[in-house]
Amino acid sequence: MRFAYISVMITDKSSPIGFYDSGVGGITVLDTAMEAMPHEDYVYLADCSHAPYGCRGSDEILGRAMFCTGKLISDGAKAVVVACNTATAVAVDALRKAYGAIIIGAEPAIKPACKSGAKNILVLVTPLTAVQDRFLRLVHAYPDKNITVVPAEGLASSIEKHIDNTEAVRNEVYALLSRYSVPDAVVLGCTHYVHIARLIKDYYGAGVRVYDGNKGIVDRLHNELSSAGLLNVMGGRVRFVTV
Ligand code: DGL
């Protein structure tokens, strides 16, 4: 496979941080980052022409990950956040090999859910994430837990379509959750699902904790930028790009 972008290591702290996802999901990660690091500049790339990722094949998503990461780096990003669990599961190792930049992936928050003492855990993911070795290794790392993987077919598309009124996906989500016993914890293993965390919390009530990986992603980003001496104190702009 050939890619049009060349790896360039950016060492300028005033350069923006690049984020990408298939669409609106990664905005939840961007939001967390902007709160934690308000003095950075950000570029958010939504690969709308190829959304949703979760119903496509691994080769295609690997190609999109190479393209989007390459574009952000060649446009000057000092770090790239793959704000998408699906693209991370498929491509983050290949991206790190291909590009000499800071690359942060999105991993479902299974570890914090397990550490909280939850025994029965539902992990909602896209169908493509559900079959990735990287993801399955994470699930199998906790053999003493009862982790049920739920491939939520079509849910990311519905959220994308109803982003102005996520209440519109309530029936679809509740029909999906009703097929499973009530767990101790739910892990949102797709950044799109963070937009409907409130619906899921309402469905189960206060006894079931709902986890997303956004804070973990942003903590890793902050640590890597800090170690590389690349934290900015002068920025604060956000630019959105679609391809
Ligand atoms: N938001 C992405 C994820 O975290 C992709 C969802 C999709 O496009 O299917 O998996």
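Numbers given for residues are sequential positions, taken from 1 along each chain in its written order. Where totals are concerned, whole chains, interfaces and linings use all residues; where local detail is concerned, this predicted model gives features only for residues with pLDDT of at least 70, and gives and counts side-chain atom pairs only at 80 or more. The basis for every side-chain value is the complete set of non-hydrogen atoms in the structure, without hydrogens or water.

A.B. asks: Run through the layout of surface pockets, naming residues and quoting values.
C.D. replies: Two kinds of site are reported from a 1 Å grid over the protein atoms alone, namely cavities, where a 1.4 Å probe fits but cannot get out, and pockets, open sets with protein on both sides within 12 Å along at least five of seven lines, and residues are called lining when an atom falls within 4 Å of a point. Grid points are joined across faces, edges and corners, and a volume is the space filled by probe spheres set on the points. Roughly 250 Å³ of volume is contained in the largest pocket. Contributing to the lining of the largest pocket are 16 residues, with Glu107, Ala109, Pro112, Gly213 and Gly216 lying nearest its centre. To qualify as a helix, a DSSP run of H or I must reach at least 4 residues; to qualify as a strand, a run of E must reach at least 2; elements of each kind are numbered from the N terminus. Counting residues per element, the ones that place at least two in the lining of the largest pocket are α4 (110-115), β8 (209-211) and α10 (214-227). Grouping the amino acids of the lining of the largest pocket by side-chain chemistry returns eight nonpolar, two polar and six charged. Gly falls in the polar group here, along with every residue not listed as nonpolar (Ala, Val, Leu, Ile, Met, Phe, Trp, Tyr, Cys, Pro) or charged (Asp, Glu, Lys, Arg).

A.B. asks: Just give me the short version of a nonpolar patch on the surface, but keep the residues and values in it.
C.D. replies: There is a patch of nonpolar side chains on the surface, built from Ile27, Met34, Val238 and Phe240 and spanning about 310 Å² of accessible area. When contributions to the nonpolar patch are tallied by element, the ones reaching two or more residues are α1 (27-36) and β9 (238-242). Residue position: Met34 is located in helix α1. With relative accessibility at 31%, the residue Met34 sits in the partly exposed group. Patch rule: a residue counts if its relative accessible area is over 30% and it has no salt bridge; like charges are joined within 9 Å, and nonpolar side chains (Val, Leu, Ile, Met, Phe, Trp, Tyr) within 5 Å. To be clear on the numbers: accessible area is Shrake-Rupley with a 1.4 Å probe, and residue cover counts the displayed protein chains and nothing else. By salt bridge we mean one thing: a side-chain nitrogen of Lys or Arg within 4 Å of a carboxyl oxygen of Asp or Glu. Working definition: with a 1.4 Å probe on protein chains only, accessible area under 20% of the residue-type maximum means buried, over 50% means exposed, and in between means partly exposed.

A.B. asks: Outline the site of the ligand, listing residues and values.
C.D. replies: The rule for a residue being near a molecule or strand is that one of its heavy atoms must lie within 4 Å of it. Residues in close proximity to the ligand total 13 residues, the closest being Ser22, Tyr53, Asn85, Thr86 and His192. Here His192 contributes a side-chain N or O atom positioned 2.7 Å from a nitrogen atom of the ligand. For the ligand, whose accessible area on its own is 300 Å², the fraction buried by protein is 99%. Tallied by class, the residues present in the shell around the ligand amount to five nonpolar, seven polar and one charged. Within 3.5 Å is the distance limit for a polar contact, defined as a pair of N or O atoms, with the added protein rule that one can donate a hydrogen and the other accept it, and that residues adjacent in sequence qualify only through two side-chain atoms.

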